[in-house]
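The residues making up each chain are set out below.
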Amino acid sequence: MEKVTRPDIDEYFLKIASVVAERSTCRRHHVGAVAVKNKHILATGYNGAAAGLRDCLELGCLRDEKNIPSGERHEICRGIHAEQNVIVQAGLHGVSLEGSTIYCTHTPCILCAKMLVNAKIDRFVSFGKYNDDSFHELFLEAGIKFDVRERPPDQIGYLD
């Protein structure tokens, strides 16, 4: 019989964040975020246009058209970041993120980091790097723990 290894809790939720990222409508990065507290999912979010509006898959990427590098000029984009969407989804459903952990496929930009500080999260876990490291100092000052893990395997282990 083939042995199936059970992922640890961080790998488990990072893998879920990777699946959430598959819903992204961004042509540059597929980013997924999962808010978790006491090993229970509170909300998920992925990057893309506001709900009900046309997205970059349909209209093309404004940032590509204007040759704007990743990590710069966030306002020239119709997309909302995964971390912003996880905060919005929690708010829409009346769920507090205070004391939670955010599992995300990428590290946050400074704008998302500020929102996560105000959402009073305790921890941020990621395996990918976004082109903006300014969140480090902010998280340090706010007391938010930050962990970088290995990218979880793409395959799903299960018994037939």
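Shown above is the structure to which this text applies.
Our subject in this report is the structure included herewith. Sequence order as written defines the numbering, with residues in each chain counted from 1. Thresholds applied to this predicted model are a pLDDT of at least 70 for local features of residues and 80 or more for the giving and counting of side-chain atom pairs; totals over whole chains, interfaces and linings are not thresholded and use all residues. Side-chain figures throughout are based on the complete set of non-hydrogen atoms in the structure, without hydrogens or water.

1. Let's talk about empty space enclosed by the protein
So, point 1. Cavities and pockets are found on a 1 Å grid laid over the protein atoms alone: a cavity is a set of points where a 1.4 Å probe fits but cannot escape, a pocket is an open set with protein on both sides within 12 Å along at least five of seven lines, and a lining residue has an atom within 4 Å of such a point. Grid points are joined across faces, edges and corners, and a volume is the space filled by probe spheres set on the points. Going through the model one piece at a time under the given rule, you end up with one cavity of 30 Å³ or more.
So, point 2. Starting at the N terminus, helices and strands are each numbered in turn, a helix being any DSSP run of H or I of at least four residues and a strand any DSSP run of E of at least two. Contributions of two or more residues to the lining of the largest cavity are made by β3 (48–49), β4 (79–80) and α4 (82–92).
So, point 3. Split into classes, the residues belonging to the lining of the largest cavity amount to eleven nonpolar, eleven polar and five charged. Classification used: nonpolar for Ala, Val, Leu, Ile, Met, Phe, Trp, Tyr, Cys and Pro, charged for Asp, Glu, Lys and Arg, polar for all others including Gly.

2. Re helix α1 (residues 9–21)
So, point 1. The terminal C-alpha atoms of α1, which comprises 13 residues, lie 18 Å apart, in line with the 18 Å expected from a rise of 1.5 Å per residue.
So, point 2. By the burial criterion, the buried members of α1 are D10, F13, L14, K15, A17, V20 and A21.
So, point 3. Taking the backbone nitrogen of D10 as reference, a side-chain oxygen 3.1 Å away marks D8 as the first, capping residue of α1. To estimate the expected span of a helix, count its residues, drop one, and scale the result by 1.5 Å. Burial classification: accessible surface area is computed with a 1.4 Å probe over protein chains only, and a residue below 20% of its type maximum counts as buried, one above 50% as exposed, and the rest as partly exposed. Identification of polar contacts relies on pairs of N or O atoms within 3.5 Å, with a donor-acceptor requirement for protein atoms, meaning one able to donate a hydrogen and the other able to accept it, and with residues adjacent in sequence counted only if both atoms are side-chain atoms.

3. Some remarks on the sheet that holds strand β5 (residues 101–106)
So, point 1. Two strands are counted as paired when DSSP detects at least two bridges linking them. Spatially, the five strands line up as an open sheet ordered β2-β1-β5-β6-β7, and their pairing is mixed. With one partner strand each, in any of the chains shown, β2 (40–46) and β7 (145–148) form the two edges of the open sheet. Taking each pair of neighbouring strands and ignoring which way they run, the sheet shows an average axis angle of 20 degrees.
So, point 2. Where β5 lies against strand β6 (residues 123–128), five bridges are found, and the strand directions are parallel. Residue I102 lies in a different strand from β6, and its bridge partner there is F124. A fitted line through C-alpha atoms represents every axis, and for helices the fit uses only the stretch in contact; the resulting angles, taken between N-to-C directions, go from 0 to 180 degrees.

Nothing here speaks to function; it is all geometry.
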